[in-house]
Structures are given as C-alpha cells and as structure tokens.
Amino acid sequence: MTGSETNRAWGGRFAGGPAAVMARINASIPFDKRLWRHDIAGSIAHARMLGETGILAAADAEALVDGLERLAAQWEADGVPEDLALEDIHMTVEAKLAEIVGPVAGRLHTARSRNDQVATSFRLWVRDAIDAHVAALVAFSRILLDRAEAEAETVMPGFTHLQVAQPVTLGHHLMAYVEMLWRDIDRFLDARARMNLCPLGAAALAGTGFPIDRELTARLLGFDAPTANALDSVSDRDFALDYLMAATQCALHLSRLAEELVLWASQPFRFVELPDAWSTGSSIMPQKRNPDAAELVRGHAGRILGLMTGLCATMKGLPLAYSKDMQDDKEPLFEAHDLLELSIAAMAGMMADIRFVPERMRAVAASGFSTATDLADWLVRAKGVPFREAHHLTGRAVKAAEAAGVELAGLSTEMLAAIDPRLADAHEAPLSVEASVASRLSEGGTAPAAVREAIAAARERLEAFA
Ligand code: ARG
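Here is what the cut-offs are and how they apply
Residues numbered from 1 in each chain as written. Predicted model: local features only at pLDDT ≥ 70, side-chain atom pairs only at ≥ 80, totals over all residues. Heavy atoms only, no water. Salt bridge = Lys/Arg side-chain N within 4 Å of Asp/Glu carboxyl O. Helix = DSSP H or I, 4+ residues; strand = E, 2+ residues; numbered from the N terminus. Buried < 20%, exposed > 50% of the residue type's maximum accessible area, 1.4 Å probe, protein only. 1 Å grid on protein atoms, 1.4 Å probe; cavity = no way out; pocket = protein on both sides within 12 Å on 5 of 7 lines; lining within 4 Å. Points joined across faces, edges and corners; volume = space filled by probe spheres on them. Nonpolar A, V, L, I, M, F, W, Y, C, P; charged D, E, K, R; others polar. Phe/Tyr/Trp six-rings, centres within 6.5 Å; stacked < 30°, edge-to-face > 60°. Lys NZ or Arg CZ within 6 Å of the ring centre and 35° of its normal.

**Q** Explain the pattern of salt bridges to me, please; I cannot follow it from the model alone.
**A** Once their charged atoms are close, side chains differing in charge can pair, the charge on each being opposite to the other. According to the stated counting rule, one finds 31 salt bridges in the structure shown. With a closest N to O distance of 2.6 Å, Glu434 and Arg362 form a salt bridge. Highlighted residues: Glu434 in helix H17 (residues 433-439) and Arg362 in helix H13 (residues 358-365), separated in sequence by 72 residues. On the accessibility criterion, Arg362 (34% relative accessible area) is partly exposed. Salt bridges linked by common partners bring Glu87, Asp88, Arg114 and Lys324 together as one network.

If you want it as structure tokens, here you go:
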C-alpha cells in the first residue's frame, strides 16, 4: 500500500508517497502539537534574526512574523489541526503559515533544520514546565509550613523500622517534607539553569553557511546563550532527562508522604482523618473511606520512574547526531509532567484539608518505652555514667517496667533503686513525651523551639526567590 502524493516539504527526490502505516509511525503531530506555542515563538525569533542579519529582506521577515502571530491567534481560538501528512508541529506551522502569507512562508526554513528547531521548541516547553512545577511546589511548601507551625507542639511517635522509636513533634515530621520539597525545587531550578542554552542555529548538525546571529535568537527566546557544538545541540536530550530525573525524585517524595497518609488514615493508626473531599467509598462495604488520591500519587510515582528509565533506554544507544528515535522523547515527558502536576496538586490539597488526631498520636508516642533514650541520656548527664553502661541500665529498667505492666514513668523509686542506686531519682529524667521532645533542642531537632526556628529559616529561603 503506497500513497501516491509525495511530501511537499521533502518529497522532491521521491517518486511516490508513504504507505499508510509509514505515515502513521512517522507522524508526531498527534502529540507534538502540544509544542505549538513554543514552536511558533522559536520561528518568530528565527524570522526576526533572518531580517536583522539581512539574510531575508526586511519586508519578508516582517510578513513571516506577522503571519506567525496571526497563526498563533487562530490556533489559540480553534486549536491545532492534526494532519498526518504534515508529520509534525514544525511542518504544520509552515504549511498553515503558507495559507496565511503565501509563498514567502517557504523562506522561514532558511538557515535552520527541524533538528535544531525541535531541540529549541522542546527546551522552551520543558523550561515552562519547570517554572510551573516550581510555583506549585512553593505553594505546597507554604501549606506544609502553616500546618507545621500550628503543630509545633503536637507530640507524635517517631518511627525507625516502623517501630516506635522516640517521641517527635508533628511539626518536625511535616518539616521533613518541606526539606524534601526544597531539594526538589532546587533540582528543578538546577536543571533549568543548565538547559537554558539555545540550540537554534545548529541547523541539521553542522551549523550553516548563512551569516546567522545566534546570540540574537538566544536572547529573543530568553536563553542565556547559544549552545556550543552543533552536533551536540541537535542530539542532546539531557535537558529532558534532567527534567525527568528531577520529576522522579519529586514523585518519590510525594509517594512517601502519600504512603504515610495511607498508613495514618488506617484504623490501627488513626493519626489522621481524611475529609470527604479526599476520600472515596467502597461499592460493597458501606463503612469504608478510602485514601484513593494518596494511593494514586504513590502509584503515579512508579509510572514517572518508568518514563524516566524509558527515555534513558531510548537515548543510550544513539550515535551522533539526530536519530528519529528521539521523536519518542516527548510522550514520556508529557505524561510524566501531567502525572506530576496532578500529584503535587492532590498532595497539596490533601495536606491542606486533612484533620490530625493529636490524642491518638500522643497515646502511641507514649507507648513502647519511647523515652528510654532520655533516661539513658539523663544517667550520662546527671550521674556521669558512660553511655554504654547507661544503655544497659535503662534496658533493665525497660524490662522491669514491661514485667510490671507500666511505662517507665510508672516505675516506683524502690523498683528503680533495686535495679541500680543511681536510678533512684530517675523521675527527674525527662520521661514524659512532652519533656522528651522539649529537651531535643539541637539544630534540626524535634523540640518545638527548634522546629519554629526551622520553619522561620524555610520561610526565608522560599521568600528569597518566590
Ligand atoms: N518530529 C521530529 C521530532 O520530534 C522533528 C525532527 C525531525 N527531523 C528529522 N530529521 N526528521 O524529533
């Protein structure tokens, strides 16, 4: 099955058109039309440069810019037409421009190739995506900061191995996620800074013989400078991978918080209650209230990770420079973007609305001899006992308390003195969960005062660039 009409953009040396399946596998317009604003912006900058340098007559350059602006207005209203015969967004722009401005449209592709064009449009798209993610992550961080501030004194169990380890404050726990989100923001901004170089002018792979001004196009498009090597410029997709890696790391953080919400909302924990707006019911069990959004955020993280490894696999075997495999860079990135955008929004919404159950958190925090370390530390401080010996003595106190069915604070002076005389006045140790957390004032510690300091520092950091 061979089509009869040859491609107008490159069909000069062809006698026949592509098979129907060839047209389908070749075309990227169904997905790369998402780049249309950035592709038109790149073309406008290119046309301006062609005019400025005298490569095109000023009137031609003006006609191209004017036509591209009209095309953008038209597509803003009606959407982008999807014609497989036009292959991709670049050829669709050129063909539709010709319908507006006539044959002068054929001059737009002077001194460029679709290879540098797609690299430029895609970079511009990724750059905008990063800016939107950063804004969303800043907004989410502010929600967590507000909630951490309100819960700076709320005691909850801190876990290691998912076993009650030491009491912490809920504010401290929430601030751990603020730190993670900060690193995500930083990673996105780092990726943005590295990718902000303009490939336009690399042409197909070797540069061009026309006297182009790459500084000018770079500046017009908000890039810091042109890229250095033409071969690298058209074959580099590091910016897409940097984006996907930053997105993956961010998704992992969201997924860990989601996992905690799933645990905390379950009956054995009951640390939180999900409001109706963030719960779903069961079609068979009328009492159920399921944390589906959190579970889906956890699920989406797996997909984003898969999309990232997928593009790594696509790129790993490609010789220089452009290969058509690289057309497969867009769908994974778009999909990861949409999943991450939704995940950030869902987590921010849930964390804004979730109800904490402080009584329940405190009760669990006080169980399991969670202040045993405080007793050992007290023996070191107040009695000069070496820590290793203090650890051992405290272990015996825990054993006695367990046998008596009481918490450490419930051991009588006699029982304590019987273990070791130095334990006789152990009730002076910070054995309550409140005293325990209040004592942990070290930088980054869980004490309410330390948490408030961390919140203030994080707010300052966010304000510095937001
Ligand atoms: N649609 C193509 C892509 O997304 C544009 C570049 C095509 N270049 C080429 N030499 N066929 O990768």
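Having seen it, we continue.
**Q** What is the right way to look at empty space enclosed by the protein in this model?
**A** A water-sized probe, rolled over the atoms, reveals where empty space remains. Applying the stated criterion to the full structure yields one cavity of 30 Å³ or more. Taken as a whole, the largest cavity encloses approximately 30 Å³ of empty space. As for the largest cavity, its lining consists of Asp39, Gly42, Ser43, Arg112, Gln117, Thr120, Ser121 and Leu200. Every element with two or more residues in the lining of the largest cavity is listed here: helix H3 (36-52) and helix H6 (114-150). For the lining of the largest cavity, the class distribution of residues is one nonpolar, five polar and two charged.

**Q** Looking at this structure, how should I read the packing of aromatic side chains?
**A** The geometry of an aromatic ring pair comes down to the distance between the two centres and the angle between the two planes. Under the counting rule described, the total for this entry stands at nine aromatic pairs. Ring geometry for Phe122 and Phe334: centres 6.3 Å apart, planes at 80°, overall edge-to-face. Taken as a pair, Phe122 in helix H6 and Phe334 in helix H12 (residues 330-353) lie far apart in primary sequence, 212 residues in all. Where Phe269 meets Phe271, the ring centres are 5.2 Å apart and the plane angle is 80°; that geometry is what we call edge-to-face. Each member of the pair Phe269 and Phe271 is classed as buried. Through a chain of ring-to-ring contacts, the aromatic side chains of Phe122, Trp125, Phe239 and Phe334 assemble into a single cluster. Its end group placed over the ring of Phe14, Arg13 keeps NZ or CZ at 6.0 Å from the ring centre. Over the aromatic face of Phe223 sits the side chain of Arg127, whose NZ or CZ is 5.0 Å from the ring centroid.

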